[in-house]
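Each chain is listed here by its residues.
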Amino acid sequence: MADRDPVPLPAEVRAKLAELELELSEGDITQKGYEKKRSKLIGAFFPQAPGMDPSMGQERRTPVTPSSSSRYHRRRSSGSRDERYRSDVHTEAVQAALAKHKERKMAVPMPSKRRSLVVQTSMDAYTPPDTSSGSEGEGQGDGDEEEGGDCEEEDGGGGGGTSSSREGSISMEHWISRAIHGTSSTTTTTSSTASSSSSSTRSGGSGAAGGRLADVLAQHVHISAHHHLRHHRPHHHHKTENHSAPPDVTGYTNSTANAATDGIQVERAPGAGPAAQRQTPKYGNAELMETGDGVPVSSRVSAKIQQLVNTLKRPKRPPLREFFVDDFEELLEVQQPDPNQPKAEGAQMVAMRGEQLGVVTNWPPSLEAALQRWGTISPKAPCLTTMDTNGKPLYVLTYGKLWSRSLKVAYNLLHKLGTKQEPLVRPGDRVALVFPNNDPAAFMTAFYGCLLAEVVPVPIEVPLTRKDAGSQQIGFLLGSCGVTVALTSDACHKGLPKSPTGEIPQFKGWPKVLWFVTESKHLSKPPRDWFPHIKDANQDTAYIEYKTCKDGSVLGVTVMRIAMLTHCQALTQSCSYTEAETIVNVLDFKKDVGLWHAVLTSVMNMMHVISIPYALMKVNPLSWIQKVCQYKAKVACVKSRDMHWALVAHRDQRDINLASLRMLVVADGSNPWSISSCDAFLNVFQSKGLKPEVICPCASSPEALTVALRRPVEEGSTPPGRGVLSMQGLSHGVIRVDSEEKLSVLTLQDVGSVMPGAMMCAVKPEGVPQLCKADEIGEICVCTVATGTSYYGLAGMTKNTFEVFPTSNNGAPISEFPFTRTGLLGFIGPAGLIFVAGKMDGLMVVGGRRHNADDIVATALAVEPMKFVYRGRIAVFSITVLHDERIVVVAEQRPDSTEEDSFQWMSRVLQAIDGIHQVGVYCLALVPSNTLPKTPLGGIHLSETKQLFLEGALHPCNVLMCPHTCVTNLPKPRQKQPEIGPASVMVGNLVSGKRIAQASGRDLGQIEDNDQARKFLFLSEVLQWRAQTTPDHVLYTLLNSRGTIASSLTCVQLHKRAEKIAGMLAERGHLQDGDHVALVYPPGIDLIVAFYGCLYAGCVPITVRPPHPQNIATTLPTVKMIVEVSRSVCVMTTQLICKLLRSKEASAAVDVRTWPPVMDTDDLPKKKPPLLYKPSNPDTLAYLDFSVSTTGMLAGVKMSHTATSAFCRSIKLQCELYPSREVAICLDPYCGLGFVLWCLCSVYSGHQSILIPPSELEVNPALWLSAVSQYKVRDTFCSYSVMELCTKGLGLQTDSLKSRGLDLSRVRTCVVVAEERPRTALTQSFSKLFKDLGLHPRAVSTSFGCRVNLAICLQPHRLGKLADQGTSGPDPTTVYVDMRALRHDRVRLVERGSPHSLPLMESGKILPGVRIIIANPETKGPMGESHLGEIWVHSGHNASGYFTVYGDEALQSDHFNSRLSFGDTQTVWARTGYLGFLRRTELTDASGERHDALYVVGALEEAMELRGMRYHPIDIETSVIRTHKSITECAVFTWTNLLVVVVELDGSEQEALDLVPLVTNVVLEEHYLIVGVVVVVDIGVIPINSRGEKQRMHLRDGFLADQLDPIYVAYNM
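Just so it is clear, the model here is predicted, and its values are computed rather than measured.

J.: Please explain the packing of aromatic side chains as it appears in this structure.
T.: The geometry of two aromatic rings is summed up by the distance between their centres and the angle between their planes. Evaluated as defined, the whole model comprises 26 aromatic pairs. Taking the centre distance of 5.2 Å and the plane angle of 65 degrees together, the rings of F1091 and F1235 count as edge-to-face. One end of the pair, F1091, is in helix α33 (residues 1085-1097); the other, F1235, is in helix α38 (residues 1232-1245), and 144 residues separate them in sequence. For the residue pair F1091 and F1235, the accessibility class agrees, reading buried in each case. Its guanidinium or amino end placed over the ring of W374, R373 lies 5.1 Å from that ring's centre, counting from NZ or CZ. The ring of Y546 has K591 sitting right over it, with the charged end atom 4.5 Å from the ring centre.

Structural data, given as C-alpha cells:
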C-alpha cells in the first residue's frame, strides 16, 4: 500500500475546520449545520479510492461521512476515559489486534433480555455504527507512512473493526434503527489502526531481538528526544459534559501527530471488496427476515444456540498434555510450561546504591524541632493555603499558628482526657485522625499535635455511613492498634452520622472511640510552664499509615521518627527543596506522596503548600494549573488523573503559564500507563511554558515510602529513558525488547534513580528472595533507614516484608542489613534508571503466566474508550475457579449506551485482550454508571467489587462469560470401556467376592395371613362381600380445607352408589363391557364411587385430573388428550366440570364438538342394574393408569385384575393394614400409587382412609398435619409437594401449632410417594422442623414406583416401641457416594462431608413379591453391587403393558418383557427406566434377614451424557440452587451438546445477571462442566407435574420455541 499518498488539506481549509469545531463546541452552530458546512469544505478532497468496489455502496466506503466525522469531533470532547491508561501506541496496537481477529471471526449470539431490563433508548440517541475509516487530524506523522502501509497489508487491512456482536442477533429496537440508519453495522477502523505504532516503538523494535537491554534502552533514550519534538500538536479537547454520541475509538489513536502532516488518509483495505462481503452478518442476514410470528429470525433461541455451537467449534488453544489426579481417577489438566517460552539469560543483577545522603548542617534534628524553629523565628511565614470549592483561598495557616495550635492539641491530648490519675492517652498510645479531604489545616495541626505529645497518629478516611465499603476493615485496624480516641474537626464531627439521641453510632467493625474535636476554640490553653519535650528523632513510632491489601483487608504500616526524618531529608535532597518554596498539592495529604511532601517535608523546609481539595478538582479540573500560575509555584504534586483532567479542560484558558514550575511530581509514575498522560500533558502544555525535564514520575509504596524519584534535571542534559517491552516476555517474567510482535508491547518510563542513602535490588516474586537476573522482572526491594518498620501487630507478615535478606546465586545474603519489599514489580535498567512494570497486588497468574491487572485495564480502555466506558471506570481482578485464576473485567457503561453498543464493546474487548495478552477473559460484566463501590477519593474499590461479584450482589446490566475459551484444564473426556462378558462375571463373582446386585421382598407364597379378601379374584367382589359382612364400617372420610368431614362412605353406601352408576352407564351410555370411561372428578368420594360403578358395569375406568378453572388453556388440552388416547367412549364427571368442559374458554382451548358423550353423576337414577358384571378372566383389564412422566411423555399402562389384587395385597402386608386401622392420605388420586391408596386399598384391606385433597393445603397448609393429629393416625402418605408446602408454609408456625395441641407423636410411618430419587434435604428438614411436634425422626420414609410397576418399594418403618405390633422394618439408611465416580457409573461410598459426596437415601423397603436386579441398560447384562445400572423388576403387580393407540410393540416388549443377556436368562423383567444400585446393609429385619436397600439415582432418559460421563440433572440443580439466595428453583437439560441451566429468580430483575457467573462457577467447580446457556426466568416458569417433579423436557421445548419470556438469557462463549 505504499502507493497511497495522503491527501493534504490546504492550510486555510484546515483553519476553517478548526473554526467550525470551535463553533460547534461553544454551541454556536447545530450539529446538522456543522456537518453540512464541514462536508462542503472537505468534499472536494476525497477522490473515490481506487480499487474499491463501487457496488459496495455508500455504507462500506471509507471516506469520511458527515455522521462519522461529527462523531469524531465529539469523540474528542467527552474525555471521560481514565487517562492513566491512555496510550496512542497501545490504542493502535489494540486496533490492529482487533483487525487480526477479523479473519477468524465467528458469530457470537447476543444475550436476550426482557424488555423491562433494557433501558429504552430513544431513536435519536441511537448512533448508527461508524462507517468512516479516516477522520481529520489522523495523519501518521513524519515519514512513517510507508512502513505503516506494509504493516496494514500484513494485517489484512485495517478496514473493518472487529465487533463480533454485529453478527450476533440484533434486538428489535435496533432492527428498526438499523433500517433507518442504513443497514450497515460494520465498524471500520481508522487509518491509523495498524499503522506504525508510533516511531518510538518502531525504532525500538529494530534493535535485534536478543539485543542486550542496555543497548536497547540506550537507543530509546536517544530516540525519545525525537519523540518529544513530534508531540507539538495541541489537542482539541472540549468540555466533558458533551456526551451526546458515544464516539468511536478509532479517532482516538494517533492524535499526537505533527501538525505539518495533518493530512487525511483514505483507507483502502487490500481486498476490500470480498472482505466487505464477508462481513455481512453470518445468519439472519436477510434484511429483516421474520418468521411467521414476527420474531426476527436471529433472535430465535434455537438459532442462537446453533450459532453458539458453531462458535464453539472454533479451534481452542493448543491442547495441554499432562494431567494431575484430583484425589480420584478424575483427571484435571495441569498447565505444562511451554518449552519455547522466553527464559531469563542475563547475568545476576547487581544491587544499586543511591548517592550519599548529605546531612546538611542546618537540617533540624527532628520534625517537631523544625516546627518549633519556624514557628518561633518566622511565625508569619505561610505554611498552608486551603481553597474552597470555588477556588478562592479559604484560609492561610502560618507557621506561628501551626506551632501554637499543635501545642494546644498536644497539651489537651495528654492532660484533658480522662482524669489526672488515669489519663486516657499516654505517650506512645495510638489515636485516629479523621479529617475530610478539604481540611488540610486541621489535619496538619492534629498531626503535629500528636507528634509533640509523642502520641502515634493513625490517619484514616472519614466513615461516611455505618456500612462504608472499606470502613469496616479500617475499624479492625483501629481495634488492633488499640485506638480509643479519634481526633476530628468541628465540621466533620457535625457531619458524622448520628443516632436519634445525637450520639455518633459505633461504625461497623470499629472499637468504641471517644471523638475529640481539635478546633482551638474547644481546647484549653496550655499553662505558661507547660512545654513539650522535643527530642531528636529516635526509634519510636511516629505514625501509622493504613494500607489496603488486594483482598480488602487493611494493615497499618508503622513509621519510626528517625525513618520519617530521614525520608524528609532524602526527599529534600532529591527534589532540591529550599526554604520558602511554594508547592501545589493535589494529592491526598493523609497518606503516601501527599503526606510526605505536603505535610512533612514542607515543614522541614518551611515551604508554603497550596492545597487543592478533590471537590474543587471535580468542579474545575484546571484549578491546580491556575494556582501554579497564580502563586508562581516551583513544585506541584499530582497524579496522572489530574494531568488528564487538565488536558480535557484546558482549552477554555488563554493565559496559562507554567514556566515557574521546576518540578511536577507524578505520584503514580510507577503505573506503567502514566507515561501516556505525561506525554500528552507535555505535548499540550509545552507551548504554555512547561519544560520537558520538569516532569518527575516517582514510585512509592506504603511499606518502602518513596522508592524512586526522577530528579529535576538541568536543561539540555540527557532526556529520560523509555523501554518498549514485549508483553509476552513480561508474562513470563523476563524483559524482552519487542521485535516481531508489534502489537503487544508495554512502553515504560523510568522513575528516576535510587533514593539518596538507599540500596536497591530486585528479587524473584515467589519463594526465596533470590536476586533476579539482569533481564528478569522481580519485586523491587530497598534497604534504607527511610522505610516503614512493621505491619502493626503482625509479626509474621512483618518478617516477610520488612526483614528480607536477598541472596545471590550461591545462597549468600548480599548485605547484613534487611531489605523491605516494595510491592512493586520492575527492574533496574541501564544508567541505574529504575523501571516499574506493575504491582504485586495487581498480579494475576493464569495458566502459569503472569498478567498485570493494570495492563488489562489499559487494553480494555483502548477499545473505543470514550464511546463506552463511563469515566474509564473499570476493574480487573481474578477469581479462582477449578484450580486456576480466571480474569474478570467489570466496567461501568455510559448511561446512554445501547444493548448493542455494550455487546459490541464486550466482544471487542475479549478479542483485544486475547490478541495482546494471549489470555482469555473468563467474565466481562458491565454495570450501570456510578454503581461500583468507590474509595474515598473516587477510585474503584477493587476488593469490594470482587466481593460483590462473588456474592452475586454486583447487579450488572450486561454479562458475557467465556468459560469455553478460558477453561482449558477440564478433565479428559471419558472413553467407554468394553463391557465385561459372562465368563468374567462368573470368575469375578468367585474372585473378588462381588455380589451380583439383586434383591427381593418377602415371598408372598410363604406368608400366612388370615386375609379374607384373598379368596376373591376381583376388587368388585371384595366390595360386595364387605357390603354384606360389615355394611356400616366406614371406609372413606373426606376432609375439607377447614379440617371438618365433608363426606364419608360406608361399605354399603359405596356399594349402592356404585350400583346406580353402573345402571346409569348401561341405560344412558349403552356401554358394552370392556368400554373405556374417563372419570374427570376432583379428588374426593365421587371419584371412588364412579370407579367402582365402572367395575360393576364391566367398563374400564381411566381417572383424569380435571382442568383447572383458572388455567383452562393449558390444562384442558391434557384432559382432551388423555380422553382421546385412552379411547374413552364416554366421560363421567360432576355438573360443575360438565359446564366447564362446554364453556367459552374451553372452546377456545380445544375443539369441544369432538368430546365423547359427557354424563354428570350428580343426580343418579333410582333404579339399580339388573345384574352386576363379573369378569370372565382375571387377566383382563381392570383400569388404565395414565400419567405424564418427568420427561413429559404421556404414558398409559394397563392394570389387569390379577395385578390390581396382587398390588393391594402386597401393600396390605407391607403396611399391616386391617379394618381397625386409620390411614391419612394426602395425595393426588389420579395415577400410580396415589390412586391405588386413595381408591383401592381401603376396599381390599377394610381400613378407613382419611382423604385430604392436596389442593386444600394451599388454603390451609396445616390441614394434613392437623388431621393426622386429630384422628390419632399412625400411618400417613403424602407427596413431596405436600411436604414442601408444609415445610415452607408452617416453618415459622410450629410453636403456635404446638400450643393448639398438634401432636404427631403417634405417627409411626409417614411415607412420601414418589417416582424419583428421594429428596434427602427436604425429608430431613421436614423431620427436623416437626420434631418439636412429636414427629419421630425415623418415621419419615419414601416409596418408589414407576410406569412399569406403580410401587416397587414402600417402607413403613416400625418404630422400636411399636415393634411388638408387627414386623419391625429397619430404618431407612442414607449413604454418601462419590459424585465423580457416579458419573462413570461406579458406586464408591465415602464419608459424610467428604468433598464431592452426595447423600442418597434408601427408597424404601422392597414390597412383598417383588424381585429386583440391576442391569446394564446398554448390554442388558447383570451388574455387580458397586455399579450403577438400570433397575429391573419382576413382580405379580407389574403393569401388563403400555396402552397406546399405535401399539408400538418394540417398546412394549423392551420395557415390559426384557430378559438378561446372560446369567438368569429365563425370568421376564420389566425395565423401570431408572438408574440405581443395591446395597446390602448391616441391618436385619424381623425375620433376621440382612436387609437389601435400593437406592434410586435418577431417570435414565433424563441423565445427560456429557464429555463421556453421565450426569443427573438433580445434582447440578442442587449445586446451582445453593449458589445464591435468590435462586428458588433450577432445571437443567442439554441441547445439542450444550448444557442449559434455567433458574427461577426470586428477587428484582436487576439481580438476574448476578446469577450468570455464579451458576457458571459452581457447575465448573463441582461438576467439571461448562454451562452453555444460562436462562433466568420468573418464579413458577419451570413446569412441575402433579407429583412435584420437574418437567425438564417441556421446559426445553418451551425454551427453544421462545415461550418462556425469560428475564435474561446468557450464551456463554
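J.: Got a minute to help me understand helix α48 (residues 1592-1600) in this structure?
T.: Each full turn of the α-helix corresponds to 3.6 residues, which orients residues three or four apart in the same direction. For α48, the full list of buried residues reads R1592, M1593, L1595, G1598, F1599 and L1600. Downstream of α48 by a residue or two, D1602 has a phi angle that is positive, lying close to 60 degrees.

J.: Is there a simple way to explain the pattern of salt bridges in this structure?
T.: Pairing between side chains becomes possible if they bear opposite charge and their charged atoms approach one another. Going through the model one piece at a time under the given rule, you end up with 42 salt bridges. For R894, the salt bridge is made with D896, and the minimal N-O distance between the two is 3.2 Å. Of the charged contacts, one joins R1105 and D1228 as a salt bridge, the two residues approaching to 3.2 Å between their closest N and O atoms. Placement of the pair is R1105 in the loop between β37 (1100-1104) and α34 (1112-1125) and D1228 in the loop between β42 (1222-1226) and α38, with a sequence separation of 123 residues. Given the relative accessible area of 34%, R1105 is considered partly exposed. Here the salt bridges share partners, and the residues they tie into one network are E1502, E1517, E1529, K1590 and R1592.

J.: Explain the environment of V1348 here, please?
T.: Following the sequence through the fold, V1348 ends up in the loop between β46 (1340-1344) and β47 (1353-1354). Residue class for V1348 comes out buried when judged on its relative accessible area of 2%. When residues no more than four places from it in sequence are discounted, the contact partners of V1348 are V1433, N1438, A1439, H1455, F1456, A1470, R1471 and T1472.

J.: Please explain the side chain of E1425 as it appears in this structure.
T.: The residue E1425 is located in the loop between β50 (1410-1415) and β51 (1429-1435) in this model. Residue E1425 is classed as buried on the basis of its relative accessible area of 13%. Once residues lying within four places of it in the same chain are set aside, the contact partners of E1425 are R995, A997, F1477, L1478, R1479 and R1480.

J.: I would appreciate a short explanation of the confidence of the model for the protein in the present structure.
T.: Low-pLDDT stretches of the model should not have their predicted coordinates read in fine detail. Overall, the prediction assigns the protein a mean pLDDT of 77, with 76% of residues at 70 or greater. Mean pLDDT across the elements of the protein ranges from a minimum in helix α6 (residues 145-154), with 31, to a maximum in strand β13 (residues 582-585), with 95. Throughout residues 315-330 the model reports pLDDT below 50, and contacts reaching past four residues in sequence, or to other chains, amount to 47 contacts. Taken together, the stretch residues 981-993 has pLDDT below 50 and engages in ten contacts with residues farther than four places along the chain or on a different chain.

J.: Honestly, the packing of α33 against α38 in this entry has me stumped. Any pointers?
T.: Running from N to C, α33 and α38 point in directions that differ by 65 degrees, and their axes come no closer than 11 Å. The chirality of how α33 crosses α38 is right-handed. Where α33 abuts α38, its residues L1087, I1088, F1091 and Y1092 lie against F1235, W1238, C1239, L1240 and V1243. The residue makeup of the contact of α33 with α38, split by class, is nine nonpolar, no polar and no charged.

J.: Teacher, can you tell me more about the sheet that holds β47 here?
T.: Paired through their backbone hydrogen bonds, the strands of a sheet run either parallel or antiparallel. Read from one edge to the other, the open sheet built from eight strands follows the order β35-β34-β43-β42-β44-β45-β46-β47, with strand pairing classed as mixed. Pairing within the sheet leaves two strands with one partner each, and these edge strands are β35 (1045-1050) and β47. The pairing of β42 with strand β44 (residues 1275-1278) spans four bridges and is parallel. What sits directly across from V1223, in β44, is D1275.

J.: I would appreciate a short explanation of the sheet that holds strand β12 (residues 554-560) in the present structure.
T.: Ordered in space as β11-β12-β24, the three strands form an open sheet in which the pairing is antiparallel. With one partner strand each, in any of the chains shown, β11 (541-548) and β24 (790-791) form the two edges of the open sheet. With two bridges joining them, β12 and β24 adopt antiparallel strand pairing. In the sheet register, V557 faces β24, and the bridge partner there is Y791.

J.: What am I meant to see in the pairing of strand β28 (residues 849-852) here?
T.: Both faces of the sheet carry side chains from a regular strand, because those side chains alternate between them. Residue alternation in β28 divides its side chains into two sets, R849 and H851 and R850 and N852, and both sets are buried. Here strand β27 (residues 843-846) runs beside β28; their pairing, made up of four bridges, is antiparallel. Of the residues in β28, the one forming a bridge with L843 is N852.

J.: When you look at unusual backbone geometry in this model, what are you seeing that I'm missing?
T.: A positive phi angle, close to 60 degrees, is found at A831, a residue other than glycine. When you line up the elements, A831 lands in the loop between β25 (820-828) and β26 (834-839). One non-glycine residue, R1127, lies in the positive phi region at around 55 degrees. Topologically, R1127 is positioned in the loop between α34 and β38 (1128-1133). Residue class for R1127 comes out partly exposed when judged on its relative accessible area of 46%.

J.: Please explain helix α17 (residues 561-575) as it appears in this structure.
T.: The terminal C-alpha atoms of α17, which comprises 15 residues, lie 21 Å apart, in line with the 21 Å expected from a rise of 1.5 Å per residue. Taken across its 15 residues, α17 has 13 buried, putting it largely inside the fold. Residue S576 follows α17 closely and has a positive phi angle near 50 degrees.

Rules used in this analysis
- Residues numbered from 1 in each chain as written.
- Predicted model: local features only at pLDDT ≥ 70, side-chain atom pairs only at ≥ 80, totals over all residues.
- Heavy atoms only, no water.
- Phe/Tyr/Trp six-rings, centres within 6.5 Å; stacked < 30°, edge-to-face > 60°.
- Helix = DSSP H or I, 4+ residues; strand = E, 2+ residues; numbered from the N terminus.
- Buried < 20%, exposed > 50% of the residue type's maximum accessible area, 1.4 Å probe, protein only.
- Lys NZ or Arg CZ within 6 Å of the ring centre and 35° of its normal.
- Salt bridge = Lys/Arg side-chain N within 4 Å of Asp/Glu carboxyl O.
- Contact = heavy atoms within 4.5 Å.
- pLDDT = per-residue confidence, 0-100.
- Axes fitted to C-alpha atoms, helices over the stretch in contact; angles between N-to-C directions.
- Left-handed = near helix turned anticlockwise from the far one by under 90°.
- Nonpolar A, V, L, I, M, F, W, Y, C, P; charged D, E, K, R; others polar.
- Pairing = 2+ DSSP bridges.
- Expected span 1.5 Å × (residues − 1).

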